[in-house]
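Single-letter residue listing:
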Amino acid sequence: MTKYVFVTGGVVSGLGKGITASSIALLLKSRGYKVFMQKFDPYINVDPGTMNPIQHGEVFVTYDGCETDLDLGHYERFIDEELNFTSNITSGKIYKSVIDKERRGDYLGATVQMVPHITNEIKNKVYEAGITSGADIVITEIGGTVGDLESQSFIEALRQIQYEKGSENTFFVHCTLIPYIYGSNELKTKPTQNSVRDLRNMGIRPDALVCRAPFNTGEAIKKKLSLFCSVPVSNIIDSIDVKNIYEIPINYYDQKFDEIILKQFNLPIKKANIEYWKDLINTVNNLNDEVEIALVGKYVELHDAYISVSESLKHAGYKYNVKVNINWVDSEDLEDSKANLKEVFKNSKGILVPGGFGSRGIEGKIKAITYARENNIPFLGICLGMQLAVIEFARNVCKIEDASSTEFSPTCKNPIIDLMADQKSIVNMGGTLRLGNYECTLKKNTLAYNDYKEDKILERHRHRYEFNNKYKELLEKKGMVFSGINEKADLVEIIELPKHKHFIACQFHPEFKSRPTRPQPLFDSFVKASCGK
Ligand code: GLN
């Protein structure tokens with residue numbers, strides 16, 4: 001029988017519930033159990049695909065093309081399992097599915113209600129994740145904060161699951177804040193008491209508390225929390241701030257968090273295979289070199305908008321024993337005619353232009369690419385970054401001065417980047433990009449082939465526009481190599497400039513496949529080139 005771990009949060013948002021859920025999953029996996037992860041987001045959007053990154057941070061894409069919350073990126077990086085469409089469920093998805101069923105007449109004349117129709121739909125999503133993944137344990141994180149109007153139907157569904165499956169098959173983790181009051185110099189438990197009371201009012205008694213505090217809470221605080229919240233002292237877990245999020249699983253391991261869960265599930269506590277993760281922490285905490293890499297984007301004030309990219313850079317750094325420091329460059333700042341690129345990039349040993357949408361900041365990114373190309377600075381372009389690298393090359397090397405993309409210049413005469421025919425008729429913006437895994441065939445004796453050492457690769461996509469093959473021959477003549485192609489649809493996937501020290505760009509998003517213990521090949525070679533190794 002599948003077991004279920006639910007992770008809720010209280011008092012404030014941003015406590016790191018996603019990292020907590022991921023860490024628990026990692027530990028359970030390390031004990032030999034098959035795990036699967038899932039997140040419920042209480043907002044009405046069907047998925048975050050249409051949201052501004054400033055609101056929501058990065059959109060993470062699964063191999064099967066689901067646009068999801070950035071927490072799924074943490075999940076995949078921690079548990080090293082590919083997640084899918086069953087892994088991110090929003091209120092919007094639930095409501096849409098229930099309303100579609102109602103319109104089809106599936107409810108046979110019933111009055112469609114929050115309970116049981118919406119809650120059944122939610123419960124089915126939890127059970128579906130267990131069945132389709134074949135996991136021993138499904139870990140489900142509930143976004144938002146307990147007590148929010150939005151998340152109540154999810155909490156009610158979980159209460160029903162607890163009742164249906166029993167406490168030997170369900171485990172509730174509640175993450176909460178223990179604030180420190182300066183002056184009286186003490187940690188305060190009252191917000192947690194109140195938050196647990198909210199949860200209990202909805203019929204759920206947490207099995208464990210994860211206390212986010214500036215330092216370990218200690219016996220007295222734990223006893224108090226235990227008394228007021230009806231949680232055994234042994235199940236109150238400290239979660240103090242750490243330098244690096246990858247340390248958290250080890251903190252939990254030391255507090256036997258996984259053993260507490262497995263005991264409640266009546267599952268054997270097998271030997272933990274955790275040494276590889278301890279080695280990782282050891283590497284991360286003892287990096288002996290540093291390198292600065294510039295990330296040129298338009299949402300740089302919110303680092304979460306590029307979280308998978310920045311994590312991927314760090315992962316590659318771990319391999320070469322270097323700490324990657326990111327120089328966050330706002331592309332719009334480069335557009336000013338007085339912008340001094342030499343000054344902006346003076347310490348940067350590599351330049352990365354990530355994905356993006358719309359016309360704002362485009363010309364600044366193109367300037368950064370010119371700077372990287374002309375000064376032989378290692379360059380990695382991702383998605384929009386590839387499209388702009390091609391436009392830059394067309395304009396400045398092939399002298400097609402008005403080269404552009406129909407995304408930001410719909411009537412341009414030289415659309416080097418254009419919509420594919422099948423995208424032209426699309427009216428709905430949500431979920432209609434080219435999404436998820438597509439195959440790419442690599443050309444021998446190229447940087448790309450050298451990075452992957454494989455003929456065919458699968459990488460995840462999220463874009464609407466493509467390189468326009470009409471310009472291929474011309475660009476090739478001038479020295480651009482098209483080293484990765486999707487043969488089925490004849491689409492350009494990777495470009496590179498062999499005359500340059502390291503200049504490569506891809507139409508897909510390599511950042512979604514990087515792992516802390518296994519950097520993604522394009523990031524690997526880019527960071528390697530940037531630190532001169
Ligand atoms: N805006 C571009 C497109 O839709 C690139 C998208 C991206 O960078 N993810 O094709």
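For clarity, every value in this text was computed on a predicted model and none was experimentally measured.

Criteria and thresholds
- Residues numbered from 1 in each chain as written.
- Predicted model: local features only at pLDDT ≥ 70, side-chain atom pairs only at ≥ 80, totals over all residues.
- Heavy atoms only, no water.
- Near = heavy atom within 4 Å.
- Polar contact = N/O pair within 3.5 Å; in protein donor to acceptor, adjacent residues only side chain to side chain.
- Areas by Shrake-Rupley, 256 points an atom, 1.4 Å probe, with all protein chains shown as cover.
- 1 Å grid on protein atoms, 1.4 Å probe; cavity = no way out; pocket = protein on both sides within 12 Å on 5 of 7 lines; lining within 4 Å.
- Sits in = over half its atoms within 2 Å of the grid points.
- Helix = DSSP H or I, 4+ residues; strand = E, 2+ residues; numbered from the N terminus.
- Nonpolar A, V, L, I, M, F, W, Y, C, P; charged D, E, K, R; others polar.
- Buried < 20%, exposed > 50% of the residue type's maximum accessible area, 1.4 Å probe, protein only.
- Expected span 1.5 Å × (residues − 1).
- Contact = heavy atoms within 4.5 Å.
- Points joined across faces, edges and corners; volume = space filled by probe spheres on them.
- Core = buried A, V, L, I, M, F, W, Y, C linked by side-chain atoms within 4.5 Å.
- Pairing = 2+ DSSP bridges.
- Right-handed = clockwise from strand over helix to strand, strands pointing away.
- Axes fitted to C-alpha atoms, helices over the stretch in contact; angles between N-to-C directions.

Draft legend 1. Up close: the site of the ligand. Taken together, G355, G356, F357, C383, L384, Q387, E407, R462, H463, R464, Y465 and H509 make up the full set of residues adjacent to the ligand. Interatomic distance of 2.9 Å between a backbone N/O atom of G356 and an oxygen atom of the ligand. When the ligand sits alone it has 300 Å² of accessible area, and the protein chains cover 99% of it. Assessed atom by atom at 2 Å from the grid points, the ligand resides in the second largest pocket. Every element with two or more residues in the shell around the ligand is listed here: α15 (384-396) and β19 (456-463). Partitioned by chemical class, the residues of the shell around the ligand number 4 nonpolar, 5 polar and 3 charged.

Draft legend 2. Region of interest: helix α19 (residues 521-530). Of all the 10 residues making up α19, 7 are buried; the element is thus mostly covered by neighbouring parts of the structure. Taken as a whole, α19 has its buried residues at L522, F523, D524, S525, F526, V527 and S530. Structurally, the start of α19 carries an N-cap: the backbone nitrogen of L522 is 2.6 Å from a side-chain oxygen of Q520. Positive phi shows up at G532, right after α19, with a value of about 65°.

Draft legend 3. Geometry of helix α14 (residues 362-374). Helix length check: α14, at 13 residues, gives a terminal C-alpha distance of 18 Å against a target of 18 Å (1.5 Å per residue), a fit within 8%. Along α14, 10 of the 13 residues are buried, which leaves the element largely enclosed by surrounding structure. Packing partners of the buried residues in α14 comprise β12 (289-297), α13 (341-344), β14 (350-353), β15 (379-382), α15 and β23 (503-506).

Draft legend 4. How the structure looks around the layout of surface pockets. Of the voids in this model, the largest pocket is the one considered here, and its volume is about 820 Å³. For the largest pocket, the lining is made up of 36 residues, of which G14, G16, L70, D71 and D304 are closest to its centre. Looking at the lining of the largest pocket, the elements that each hand over two or more residues are α1 (17-30), β2 (35-41), α2 (53-56), α3 (71-79), β11 (236-240) and α9 (248-254). Split into classes, the residues belonging to the lining of the largest pocket amount to 13 nonpolar, 12 polar and 11 charged. There is about 710 Å³ of room inside the second largest pocket. Lining the second largest pocket are 39 residues; nearest its centre among them are G49, G356, F357, L433 and R462.

Draft legend 5. The arrangement of the nonpolar core in detail. Of all hydrophobic cores here, the largest spans 72 residues; its most connected members are V5, I137, I139, F171, F257 and W277. Of all the elements, α1 adds the most residues to this core, at 7 residues. What I139 contacts, discounting residues up to four positions off in sequence, is V5, V7, A21, A25, L28, V35, F36, M37 and Q38. Core analysis: the next-biggest nonpolar cluster, separate from the first, contains 42 residues, F345, I377, I400 and I417 among them.

Draft legend 6. Expanded view of the pairing of β11. Of all 5 residues that make up β11, 4 are buried, and the element is covered over most of its length. Taken together, the 5 bridges between strand β10 (residues 208-213) and β11 define a ladder with parallel strand orientation. Its bridge partner being in β11, R212 is matched across the sheet by S239. Between the parallel pair β10 and β11, the chain is carried across by helix α8 (residues 219-229), and the sense of this crossover is right-handed.

Draft legend 7. Focus on the sheet that holds strand β16 (residues 403-405). Read across the open sheet, the 3 strands follow the order β16-β17-β20; overall the sheet is mixed. Both edges of this open sheet fall to β16 and β20 (465-467), since each of them pairs with a single strand only. Strand-to-strand, the axes of this sheet are offset by a mean angle of 30°, without reference to chain direction. Note: β16 against strand β17 (residues 414-419), 3 bridges, orientation parallel. Bridging across to β17, A403 finds its partner in N414. The strands that α15 touches are β16, β17 and β20; relative to β16, the one it contacts most, it runs at about 160°.

Draft legend 8. Fine view of unusual backbone geometry. Backbone torsion omega between V115 and P116 reads 10°, so that peptide bond is classified as cis. The residue P116 is located in helix α5 (residues 114-133) in this model. A positive phi angle, near 55°, is found at C383, a position not held by glycine. Secondary-structure assignment places C383 in the loop between β15 and α15.

Draft legend 9. Inspection of the pairing of strand β6 (residues 137-142) at higher detail. Among the 6 residues that make up β6, 6 are buried, leaving the element largely enclosed by the rest of the structure. By the alternation rule, side chains of β6 split into I137, I139 and E141 and V138, T140 and I142, which are all buried. Of the strand pairs in this sheet, strand β1 (residues 3-9) and β6 are connected by 5 bridges, and their pairing is parallel. Across the sheet, residue V5 finds its bridge partner in β6, namely I139. Pairing geometry for β2 and β6, over 6 bridges, is parallel. Among the inter-strand pairings, M37 is bridged to a residue of β6, identified as I139.

Draft legend 10. The sheet that holds β11, seen in detail. The 7 strands lie next to each other as β5-β2-β6-β1-β7-β10-β11, forming an open sheet whose pairing is parallel. Lying at the two open borders of the sheet, with one neighbouring strand each, are β5 (88-90) and β11. Strand after strand, the sheet turns through a mean of 20° between neighbouring axes, direction not considered. Examined bridge by bridge, strand β7 (residues 170-177) and β10 share 5 bridges and lie parallel to one another. Its bridge partner lying in β10, L177 is registered against R212. Taken strand by strand, helix α10 (residues 257-264) contacts β1, β6, β7, β10 and β11, and its axis lies near 145° from that of β7.

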